[in-house]
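A structural walkthrough
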Amino acid sequence: MRAVDDSLMSSTAPVFAVLLPIAGAMLAPILGRTSRSARNVVLVVACAVTAALAFSFVPATMTGEIREAYLLRVTPQIWLHLRVDALGVLFGATVAGLWVLVLVYSLSHMADSHRLNRFYAFLMLCLGCMMGVAYAGNLLTFLIFYELFSILTYPLIVHDETPAALAAGTKYIVYILIGGSLVLVGVVFTYFVAGDQTLTAGGLLGSETDVGVLRAIFWCFIAGFGVKAAIVPLHGWVPDAHPAAPAPFSAVLSGVMVAAGTFGIARVVFQVFGIEILTHLGVMPYVAAFAAFTVFFAAVLAVSEDGIKRRLAYSTISQMGYVTLGIALLGAGAAVGALVHITNHAFMKGALFLCAGLLSKRAGIRSVSEMAGVARRMPWTMAAFSLASLGMIGTPPLAGFISKWYLGLGILDAGQPFYLAVLLGGSLIAAVYLLPIIYSAYFREPPSSSAERDDTESEAPAGMLVPTIVASLMTLALGLAATVPGSPLSLAQLAVDAFFR
Amino acid sequence: MHLWPHWLALIVLTPLVGAALTPVVALIDRRTPTWWALSTMTVTSFAATMLVLRIFHEGPFSYVPGGWTAPYGIELHFDEFSAVVGVICLVGWLAVLFSSRYTDSLPEFARGRTPYYYTLLLLNCGGMIGFTVTGDLFNLFVFMEVLSLSGYALVAVGGERIAEMAAFKYLLMGAISSLLVLFAIGFLYGITGTLNIADVTARLHGFEGPTAPAAVALGMLVVGFATKAAVFPLHVWLPDAHAAAPSPVSAVLSGLVVKVGVIGMIRVYRIYYGSGMFDLTVLNLVLIWLGAISIVMGAFFAVFQDDVKLMLAYSTISNIGYIVMGLGLATTYGVIGASVHIFNHALIKATLFFAVGAIIYRTGYRTLTDLRGVGRAMPLTAVALSVGAISIVGIPPTAGFLCKWYIALGAFQADRPFFGFVLIFGALLIFIYYIRMVNAFYFREPVHAEVAEAKDAPVSMLLPTLVLASLCLIMGILGRVPLTFIEPGVARLLAPLGG
Amino acid sequence: MEVVDIRPLLAPAMSFACAGMVFLFGRKTHWRRFWMLSAATIKMLIVLSMLPGSLQGVVYTFDLVDFTGGIGLGFRADALGMFFALVSSSLWVATTVYAIGYMREDEKRVRFFGFFALCVSTTVGIAFAENLLTFFLFYEMLTICTYPLVIHYETPEALSAGRAYLTYTLIGGAFVLVGTVMVHDATGTISLGHPGILDAGIGTGRLGFIFGLLVIGFATKAALMPLHGWLPRAMVAPTPVSALLHAVAVVKAGAFGIVRTVYNVFGVDLLDGLGFTLPLAALAAFTIITASVIAIFQDDLKRRLAYSTISQISYIVLAASMLTPFAATAAIVHFANQALAKITMFFVAGAIQRTTGKTNVHELAGIGHQMPWTMGAFTVASLSFIGMPLFAGFITKWYISLGALESGQWWFLLVMITSSLLNAAYFLPIVYLAFFKPARGAAAPMKEARPTLLVPTLVCAIWVIALGTTSEVAGMPFSLAEAAVRFVFRM
């Protein structure tokens, strides 16, 4: 079923993109014993080269070229295969880009933490597996990297080894294992029904398959990925895991790992089933309804949450609801909006979590109620926070606006204006839960007790501040440069064009 | 003129004459009876070898002493079942060899009577040989009495009180059974007017008179021989007798003497199958059930014995159960298995009793508790014992396996799978005993210094034990030889006369 | 293509010889070690030397004794047997090294190593058994040879466990023997060299009877519930023995027996029409779930592993009873997958016990920092059992799942998934305790197990990954499994 007009090209670059971080991960504990700086240099280099590789795919992809690499053939029925299509490039570049920022940030943020070798090793392993997820050429490869990074995330979540972190880790692992199992069921089903698993635009499953079986496969996938994508009511782990994890890791957890779930849903919807079959099955309206509910429900919970990171975590759930909604509408415009929102949200939410990390690290602030007047002490941090927040709310010309614009257009295209209300309502509530933080930081008087500490606490060091600011500037850049060739928007359009051909 | 038939006379006469002369040669020197008995058994064994070789090549044959042909003269008949003389001679010879040192350990009372001990042993072997090769019912009885009487005396040879009691019990039961057999032979003579087995069969074939006497005779013969064979519930004499006797004697009694009852049954069966007088289904069913009960009961009691020899005695009951069941199944496989088991069980049980005898000789103890750790002290003897035990359980490729396999197959052939189960679970029970023994011998710390410091048995004991143990293995691997050998005999046994 | 070759006999005979040498000359430590290691290596080499031929479809046969009437002792190294032999002979090398380290201070080493060698000899004998009788012979010998190992410490507890073990397995053996006799009675042959020797003409009742006998007989050793009672109790044995019992020899022999029964005695075509396998599958599914649930509540590490074994072995039974090619692949490869992962875990349990004296799960807090490599190996094995991709266990899970769909029995899929989750529920807490839970009291300094314990553990753990990633590499046994499946399904 492979589309013949794709110009396939065999290439080892995708393999390197996956293996390089893993090699870095192997080196981290070895180097870390003797020299911290050597380790840090190696890690940053590995991460940066990976990012460079990820970006290097963009130009070729824009010309319609698809790179392929066979990774491993485990048995005749199990093989790993990488295939870099537009959707994969989009996600891969997002992951690698955010990772560089987070890694640099954590070098100084985590400097005084314990068991750093473990932390960095697993962080890099996760990167490798995320790249694998992005470039997976068949469902099984997808599954394998998906499961691996899910498990490898655990030591990062419980890194602090506090009782709360351990409890959150346990909750996470229970959710993820169940979700992973459901995905596995779906993959096995698909393999059994369709045989070949290469992910191409047309969809793997033929319409001759029994409708009941197709529905079963579909719900297995949605429920499985839904755990990771935090679709309500499968979101339970998200609000616990984010506050428990170290701040830099929360950034990637929220920015790209949750998104991996929605990315999986996109792969399933567009490349396993295909538009036609799903329209025929009539299951998507239900997914859309769930997604819409997620948007609202999580946003409302975010408003009532006092902890900054918890609030941001609920915001993530809500935002991922947008992505799922966009995919579920099965319209070209909505799909573009959804896919580009994955990238946009990654940087916006990444920036927010990095800021939250700075706040807690430098000022000891963990809840919204403690934020009063903090902008005076940490002006750069709060500037970044504000920019990203505005992006999140959907203020033009920032990144969030672009994705919401396309989503809105897609909703109208799909003829379901009701969801427009969801979109706008969600943004409105986002404003309700984000703007008060900014307001409080800038305009409220700091409590007298913290004034005494003014001298000792100032802005964060550059090592942390620069990545934070870069991340939030990305919000602006992604918004302004949306129409430049090679931008996330163009890649998303390219991918969606293939799906809706 | 061929010399073959004379071997047949020789094999019967040699041990009997040798037995008679043993007390005489004892006058020469204290050690002479041993050598005398050994040479007697050597000659007998040689004769047995020649006979077995002949039947291998030519099939059954008869010898009529003095040229008096049947039905008037005494006929010696050598058929496939008679080939058991081979094992009788082998075990007898080895028992004599074994006894050469073993008699030293007998109580004072017996030591002075060593010549008589050998006399009895030789008489016993002679009786058995005569029993298996005679073609005449009355001779059958006579030889049975020879071997039985010598057997009673051998049990009591130790002179201990318990041995006397056991011998007395044995004597009582044996006498009753002899009486039954004698009466039955009288009945058959009354009906047919002949004592020659072949003639009796021929005359009963198509017999037109009242059948009741023949039926009564059958019943008495079966009960009589079943007592000799110690089939449940007629086994009560066996455990005590075999446990109380000196070990070489136990080997002969358990390995060979009880088989006399079985061979007697085979002879009786030949008569009644051949004559086609009765439908033997009911009798067979009784035998099967008695066999099954013997198997389970014998094995069950064996498991709970602490005394090793008593365990072996109960195991004999169990094994006789196999043979009787095989006979009762009356299918080719079943009877072949039973017949070969007569032979194999003799080897196995002799191995076991020899090994146990050697251990008792060295340590003076005979219960599992006392013998803890003996496996490490007497490795070769214990290995022989283990081989025998494995064989008696019926683990391939030892001698015990094929017979049990055939009897089980016979059970399925007869469409009685239940008895296949009984058979295998009986073996399982025996296995459990074996485990207890191995546990005690190898895995427990010795409780007695004598046991810990014991050495392997002397050569005169070790050699017979090891020879038999290796035969247990060899006969397993060459298992097809006896099976194919006995097959025509079994076919003839089961076929009606002229049919 | 069949070739008469003595190597299928030589492989088990090698360890027999070694056992003899150990018994005779084992008092001197270096001689004993020499015999153990050289025999282990040579035997593995013998088995390996047959691998190239076997991969090309050559079947090595050797008839040792032919009693009469279609019964005898024979050896036959077909693909299925080769797979099992390869697993057990290579793991023997690892376990031998481990046992040398583990039993260093033990008084009864001679006896231990002698029977140890015998056990593996009989296992290879089972793998290469050409007919049911040879199978039965080695099967019973295995029972006997393991017994001294189970009661090695000779404590009342050990002796009672030994008794339970014998009672179960001997009764099972008797069932097998009756079944064997009935097979011979029905067909006149007991060969295992065909894809099924029974045929429907024998009658459903009798076939059912035979199936029941053989399966019950083998299931006692495979510890299928409710016949599993002996296995957790047998945990009193020294750890290398537990590893051997659980990962390589005993339970596998039972499972192998069931596989042989299904594929070589009955044949898939016949069983497909009879429907006997459904109850068996249901029982296996029940065992998988129940044993896992029980495992969660075990605090003694070895007991937890024992219940895990009960659960894992039933994978093989479940897969075998699905009667589809994919499921058959799963059943066969799981021999290796389960063996390596479980032996790793037992090695770890033993290493922890020897190094720190800890035997209970709740004591393991923080031990991951004390023994990072050991616990790393444990983590690898855990992930394999959970079915993490790129670990050995995933391959099993994948093929069983495919097999479940192939057979149209979707509920097997649910069983698989539930079981993976339960595996996570009883293994991950151990990993969690070891690495993430701070040690009670002062943190102990890093102190790894001695090299003879650590190296085999790590080698096995690496193999768990290798089996999960490189099964397709030339010379890996996966293609043997495929060849076996092709033979069984006459493809």
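The model shown is predicted, which means the values in this text are computed figures rather than measured ones.

**Comments concerning the overall build of chain A**
- If you tally the helices and strands in chain A, you get 20 helices and three strands.
- Against the compact-globule benchmark of 23 Å for 501 residues, chain A has a radius of gyration of 21 Å, which places it among compact chains.
- Counting only C-alpha atoms, chain A reaches 75 × 55 × 45 Å along its principal axes.
- Counting every atom, chain A has about 15900 Å² of accessible surface; 67% of that belongs to carbon and sulfur.
- Charge separation in chain A, taken as the distance between the mean sites of 26 positive and 25 negative side-chain charges, equals 6 Å.

**Some thoughts on the pairing of strand S3 (residues 78–84) of chain A**
All names here are of chain A.
- Counting buried residues in S3 gives seven out of seven residues, a clear majority hidden from the surface.
- Taking every second residue as pointing to the same face, both faces of S3 are buried, with Ile78, Leu80, Leu82 and Val84 on one and Trp79, His81 and Arg83 on the other.
- Once strand S2 (residues 65–75) ends, the chain turns through two residues before running back antiparallel as S3.

**A word on helix H20 (residues 478–488) of chain C**
- Of the residues making up H20(C), those classed as buried are C:Phe478, C:Leu480, C:Ala481, C:Ala483, C:Ala484, C:Val485 and C:Val488.
- Once H20(C) finishes, C:Arg490 follows within two positions and takes phi at roughly 50°, a positive value.

**Considering unusual backbone geometry**
- Cis rather than trans, the peptide bond between A:Val232 and A:Pro233 has omega equal to 15°.
- With an omega of 5°, the peptide bond running from C:Met225 to C:Pro226 counts as cis.
- Turning to its location among the elements, C:Pro226 is positioned in the loop between helix H7 (204–222) and helix H8 (230–233).
- Notably, B:Ala230 is not glycine yet its phi reads approximately 60°, a positive angle.

**A word on helix H12 (residues 308–328) of chain A**
Residues and elements named next belong to chain A.
- Relative to the 30 Å expected for 21 residues at 1.5 Å per residue, H12 spans 30 Å between its end C-alpha atoms, a close match to the ideal helical length.
- Of all 21 residues in H12, 20 are buried; the element is thus mostly enclosed.
- Just downstream of H12, leucine 330 is the residue with a positive phi angle, here 60°.

**Considerations on the sheet that holds strand S2 (residues 59–68) of chain C**
Residues and elements named next belong to chain C.
- Strand order across the open sheet formed by three strands is S1-S2-S3, with mixed pairing between neighbours. The strands lining the two open edges of the sheet, one partner per strand, are strand S1 (2–4) and strand S3 (71–77). When the angles between neighbouring strand axes are averaged without regard to direction, this sheet yields 35°.

**Let's talk about the interface of chain C and chain B**
- Listed as interface residues are 34 residues of chain C and, on the opposing side, 29 residues of chain B.
- In total, about 2800 Å² of surface goes out of reach between chain C and chain B, with carbon and sulfur atoms giving 81% of it.
- On the chain C side of the interface with chain B, the three residues burying the most area are C:Phe67, C:Val178 and C:Val181, jointly 20% of the side's total.
- Counting every contact that joins chain C to chain B gives zero salt bridges.
- At the surface where chain C touches chain B, the tally comes to zero residue pairs in polar contact (both at pLDDT 80 or more).
- Only S2, S3, helix H4 (109–128), helix H5 (132–150), helix H6 (156–187) and H7 of chain C provide two or more residues apiece to the side of chain C that touches chain B.
- Here the side of chain C that touches chain B takes 13 residues from H6(C), the largest share from any one element.

**Here we look at the side chain of B:Thr381**
- Assignment of secondary structure puts B:Thr381 in helix H16 (residues 379–393).
- For B:Thr381, the residues in contact, after removing those within four places along its chain, are B:Ala355, B:Ala358, B:Ile359, B:Asp456, B:Ala457 and B:Leu462.

**Considering the packing of aromatic side chains**
- In this structure the tally under the stated criterion is 68 aromatic pairs over all chains.
- When the ring of A:Phe270 is compared with that of A:Phe499, the centres are 4.8 Å apart and the planes differ by 10°; the resulting orientation is stacked. Linking A:Phe270 in helix H9 (residues 247–273) with A:Phe499 in helix H20 (residues 488–499), this pair joins segments that are 229 residues apart in sequence. In this pair, the class of A:Phe270 matches that of A:Phe499, namely buried.
- Members of the aromatic cluster, each reached through a chain of ring pairs, are A:Phe91, A:Phe142, A:Tyr146, A:Phe149, A:Phe221, A:Phe225 and A:Phe263.
- The ring of C:Tyr60 has C:Arg7 sitting right over it, with the charged end atom 4.9 Å from the ring centre.

**Considerations on the arrangement of the chains**
- Here the protein chains form two pairs of chains in contact, of which the pair with the most contacts is chains A and C.
- The closest approach of any C-alpha atom in chain A to one in chain B is 41 Å; the two make no contact.

**Overview of the state of the cysteines**
Residues and elements named next belong to chain A.
- All told, the structure shown has zero disulfides over all chains when counted by the stated rule.
- The cysteine cysteine 355 is free of any disulfide, with cysteine 47 supplying the nearest cysteine sulfur at 19 Å.
- Its relative accessible area of 0% is what places cysteine 355 among the buried residues.

**Notes on the pattern of salt bridges**
- For the structure shown, the criterion picks out 19 salt bridges over all chains.
- Residues C:Asp78 and C:Arg260 are paired through a salt bridge, measuring 3.0 Å at the closest nitrogen-oxygen approach. Placement of the pair is C:Asp78 in the loop between S3 and helix H3 (79–102) and C:Arg260 in helix H10 (residues 250–266), with a sequence separation of 182 residues.
- On the accessibility criterion, C:Asp78 (6% relative accessible area) is buried.
- When the shortest N-O distance is used, the salt bridge between C:Arg206 and C:Asp185 registers 3.1 Å. Of this pair, C:Arg206 sits in helix H7 while C:Asp185 sits in helix H6; the two residues are 21 residues apart in sequence, bridging distant segments of the chain.
- Residue class for C:Arg206 comes out partly exposed when judged on its relative accessible area of 35%.
- Because the salt bridges share partners, they merge into one network encompassing A:Lys171, A:Asp240, A:Glu305 and A:Arg310.

**Focus on the nonpolar core**
- Grouped together as the largest cluster of nonpolar side chains are 628 residues, with contacts concentrated most on A:Trp99, A:Phe273 and C:Trp398.
- Here this core gets 20 residues from one element, more than from any other, and that element is helix H14 (residues 325–356) of chain C.

**A look at the interface of chain C and chain A**
- Taken together, the 33 residues of chain C in the interface contact 35 residues of chain A.
- The junction of chain C with chain A conceals about 3100 Å² of combined surface from both sides, 82% of it contributed by carbon and sulfur atoms.
- On the chain C side of the interface with chain A, the three residues burying the most area are C:Trp398, C:Phe436 and C:Glu472, jointly 23% of the side's total.
- Our count for the contact surface shared by chain C and chain A stands at zero salt bridges.
- On inspection of chain C and its partner chain A, the count reaches one residue pair in polar contact (both at pLDDT 80 or more).
- Put simply, the parts of the chain that give the side of chain C that touches chain A at least two residues each are helix H16 (372–386), helix H17 (392–406), helix H18 (410–436), helix H19 (451–469) and H20 of chain C.
- Counted by class, the side of chain C that touches chain A contains 23 nonpolar, six polar and four charged residues.

**Considerations on the packing of helix H5 (residues 139–157) of chain A against helix H7 (residues 211–229) of chain A**
All names here are of chain A.
- Interhelical geometry of H5 versus H7 gives an angle of 35° and a closest axis separation of 12 Å. Where H5 crosses over H7, the handedness of that crossing is left-handed. The segment H5 lies against H7, with Leu139, Phe142, Tyr146, Phe149 and Ser150 engaging Phe221, Gly224, Phe225 and Lys228.
- A per-class count over the contact of H5 with H7 returns six nonpolar, two polar and one charged.

**Re the packing of helix H8 (residues 197–204) of chain B against helix H11 (residues 247–275) of chain B**
Residues and elements named next belong to chain B.
- Relative orientation of the contacting elements H8 and H11 amounts to 30°, with a least axis distance of 7 Å. Between H8 and H11, the interaxial angle falls into the category roughly parallel. You can see that H8 and H11 cross each other, and the crossing is right-handed. Mapping the contact onto sequence places Ile197, Val200, Thr201 and Leu204 in H8 and Arg267, Arg270, Ile271, Gly274 and Ser275 in H11.
- Split into classes, the residues belonging to the contact of H8 with H11 amount to four nonpolar, three polar and two charged.

**Quick look at the environment of A:Phe91**
Residue and element names in this part refer to chain A.
- With respect to the helices and strands, the residue phenylalanine 91 is situated in helix H3 (residues 86–109).
- A sequence separation of 124 residues divides phenylalanine 91 from arginine 215, and the C-alpha atoms of the two residues are 27 Å apart.
- Excluding residues that lie within four positions of it along the chain, phenylalanine 91 makes contacts with Met130, Val133, Ala134, Val256, Ala259, Ala260, Phe263 and Ile342.

**Digging into the confidence of the model for chain A**
- Mean pLDDT over chain A: 85, with 96% of residues reaching 70 or higher.
- Counting contacts from residues 1–5 of chain A, a segment whose pLDDT is below 50, to residues more than four positions away or on other chains yields 12 contacts.

**Concerning the pairing of S3(C)**
Residues and elements named next belong to chain C.
- Counting buried positions along S3 yields seven of seven residues, so the element is predominantly enclosed.
- Burial along S3 is two-sided: Ile71, Leu73, Phe75 and Ala77 and Gly72, Gly74 and Arg76, pointing in opposite directions, are all buried.
- The sheet contact formed by S2 and S3 spans seven bridges and is antiparallel. In the sheet register, phenylalanine 62 faces S3, and the bridge partner there is phenylalanine 75.

Here is what the cut-offs are and how they apply
- Residues numbered from 1 in each chain as written.
- Chains lettered and ligands numbered in written order.
- Predicted model: local features only at pLDDT ≥ 70, side-chain atom pairs only at ≥ 80, totals over all residues.
- Heavy atoms only, no water.
- Helix = DSSP H or I, 4+ residues; strand = E, 2+ residues; numbered from the N terminus.
- Rg over C-alpha atoms; globule rule 2.2 N^0.38 Å.
- Areas by Shrake-Rupley, 256 points an atom, 1.4 Å probe, with all protein chains shown as cover.
- Lys, Arg positive; Asp, Glu negative; His and termini not counted.
- Charge placed at Lys NZ, Arg CZ, Asp CG, Glu CD.
- Buried < 20%, exposed > 50% of the residue type's maximum accessible area, 1.4 Å probe, protein only.
- Pairing = 2+ DSSP bridges.
- Expected span 1.5 Å × (residues − 1).
- Axes fitted to C-alpha atoms, helices over the stretch in contact; angles between N-to-C directions.
- Contact = heavy atoms within 4.5 Å.
- Buried area = accessible area lost by both parts, 1.4 Å probe.
- Salt bridge = Lys/Arg side-chain N within 4 Å of Asp/Glu carboxyl O.
- Polar contact = N/O pair within 3.5 Å; in protein donor to acceptor, adjacent residues only side chain to side chain.
- Phe/Tyr/Trp six-rings, centres within 6.5 Å; stacked < 30°, edge-to-face > 60°.
- Lys NZ or Arg CZ within 6 Å of the ring centre and 35° of its normal.
- Disulfide = S-S within 2.5 Å.
- Core = buried A, V, L, I, M, F, W, Y, C linked by side-chain atoms within 4.5 Å.
- Nonpolar A, V, L, I, M, F, W, Y, C, P; charged D, E, K, R; others polar.
- Left-handed = near helix turned anticlockwise from the far one by under 90°.
- Parallel < 35°, antiparallel > 145°, perpendicular 65-115°, else oblique.
- pLDDT = per-residue confidence, 0-100.

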